[in-house]
Amino acid sequence: MSAASTDSAVPTNSAARVKSVWDEVVGQEVAIAPLRAAVADSGAMTHAWIITGPPGSGRSYAARAFAAALQCLEGGCGTCRACTTSLSGAHADVTLLATEKVTISIDEVRDLIATAQSSPSEGRWRVMVIEDADRMTERTSNVLLKSIEEPPPRTVWLLCAPSAEDVAVTIRSRSRHVRLRVPDPEVVAQLLVSQDGVEPELARQCAYASQSHIGIARRLARDPAARGRRDQVLALATEIRGVGDAVLAAADLVAVAEADAKASTEERDVEERNELLRTLGADDGGRLPPALRSQVKQLEEDQKRRATRLKRDVLDRAIVDLMSLYRDVACLQVGATVPLVNESHRGHVEGLAGRGTLADTMRCLDALAQTRDRLAGNVAPVLALEAMALALRPRTAS
Ligand SMILES: [Zn+2]
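Residues numbered from 1 in each chain as written. Predicted model: local features only at pLDDT ≥ 70, side-chain atom pairs only at ≥ 80, totals over all residues. Heavy atoms only, no water.

1. Structural notes on helix H1 (residues 29-40)
To be explicit about the condition: Starting at the N terminus, helices and strands are each numbered in turn, a helix being any DSSP run of H or I of at least four residues and a strand any DSSP run of E of at least two. For a helix, the expected span equals 1.5 Å multiplied by the number of residues minus one. Three exposure classes are used, based on accessible area relative to the maximum for each residue type with a 1.4 Å probe and protein chains only: buried under 20%, partly exposed in between, and exposed over 50%. The arc in question is the one traced by the directions running from the helix axis out to the C-beta atoms.
For H1, built from twelve residues, the straight-helix expectation of 16 Å at 1.5 Å per residue is met to within 8% by its first-to-last C-alpha distance of 15 Å. Taken as a whole, H1 has its buried residues at Ala 31, Ile 32, Leu 35, Ala 38 and Val 39. Relative to the axis of H1, the buried residues are bounded by an arc of 110° and lie together on one face. Structural note: H1 exposes Glu 29 and Val 30 on the side pointing more than 90 degrees away from its buried face.

In structure tokens, the structure reads:
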């Protein structure tokens, strides 16, 4: 397909540039070249792909962009119906399995396999995307393997995972591997400017602060309250002086995480509920017939479970933010001339760097890493954070 070759290098004029589904897969030109080649030439197609990359590198977006490019008559224009429905998951021939649960069930995979057997109904390919392929047990992987070994001619499987080692070796050996990397923060900043119209200085600040996590960078750029919460987290590092401060700081941090999790789920929860009511034909504001109430209840339970997971993720993120601060402190202490993650908090970083030694900073980083492990191991958040806050106290309080 020759149309794809027209969207070349860096756009010089954003109004005139050719839009493409690949626009948002930033800083991954080399990694996604095989995907683009497969779109352009079906001879370069493979029936199973594994797309890996660290959180925020955009692996599930890359999978959906590939699905769109495969369905689009222009090879991924980004604007036609095939593109937009593939990206959103509404395309009849693109099936997305994304889970909020810890593991993907064998029944979910069996359903996918059944769908994978049928020819595409309107598109060129039947595309099956599993967004968290690392959450399959060995037994489930074996069920899937059979379908990947003998796929129908127009079916393509796309499995996303943090790394290839997270996918069963038998599946790995039958798939092609696309490795996304952490994009350069400058590239992420560029994306926020060109796609979201964020002011360049703010875009840069958010790209660095998110450590190149595109989703988080976007949220920081869009939402001043999210930036405020991050600032609050970083401020903890200097506010803790004594034991009392530490206990209060831990409680604050849990409260900030709760507020953050709430802010990012609320909108989605309402949208999902409205969507469900619409599907059930009960969106006229009238009373819900009893037969439909259980479906709404099920949705509410799923949302609650998601909120719990999200709160944990937000706390983990807060600790990653604090680690980035101490990383900056260590950089100043050893005189490294690399860009600071928290350039906008330079004064704060300098204060901490002057207050202790490199050994103190390393001790704080260790304590933060240990807290992440504890939270992952289901220690009550307040307890884990109190221990962390105590460890962050300066050795010689002034
Ligand atoms: Zn298109």
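2. Thoughts on the sheet that holds strand S1 (residues 48-52)
Just so we agree on the cut-off: For two strands to be treated as a pair, DSSP must find at least two bridges joining them. Only the contacting stretch of a helix is used when fitting its axis, a line to C-alpha atoms as for every element, and angles between N-to-C directions run 0 to 180 degrees. Any two residues whose heavy atoms approach within 4.5 Å at even a single point are treated as in contact.
Read from one edge to the other, the open sheet built from five strands follows the order S2-S3-S4-S1-S5, with strand pairing classed as parallel. The outermost strands of the open sheet, each flanked by one partner alone, are strand S2 (94-97) and strand S5 (176-179). The average angle at which neighbouring strand axes cross in this sheet is 15°, direction not considered. As paired elements, S1 and strand S4 (residues 155-161) share five bridges and run parallel to each other. Each bridged residue has a counterpart across the sheet, and for Trp 49 the counterpart in S4 is Leu 158. Packing of helix H2 (residues 59-71) onto the sheet brings it into contact with S1, S2, strand S3 (126-130) and S4, and relative to S4 it is tilted by some 165°.

3. Notes on the environment of Arg 309
By the element assignment, Arg 309 lies in helix H12 (residues 290-334). For Arg 309, a relative accessible area of 30% puts it in the partly exposed group.

4. Describing the pattern of salt bridges
Put simply, the test is: Think of a salt bridge as a Lys or Arg side-chain nitrogen and an Asp or Glu carboxyl oxygen that are within 4 Å of each other.
Counted according to the given criterion, the structure contains 23 salt bridges. For the salt bridge of Asp 107 with Arg 110, the shortest nitrogen-to-oxygen distance reads 3.8 Å. With Asp 107 and Arg 110 both in helix H4 (residues 106-116) and three residues apart, this pair spans about one turn of that helix. Between Arg 327 and Asp 328 there is a salt bridge; the shortest N-O distance is 2.7 Å. Residue Arg 327 is classed as partly exposed on the basis of its relative accessible area of 30%. Classification of Asp 328 as buried rests on a relative accessible area of 0%. Several salt bridges share partner residues, and in doing so they unite Glu 24, Asp 196 and Arg 218 into one network.

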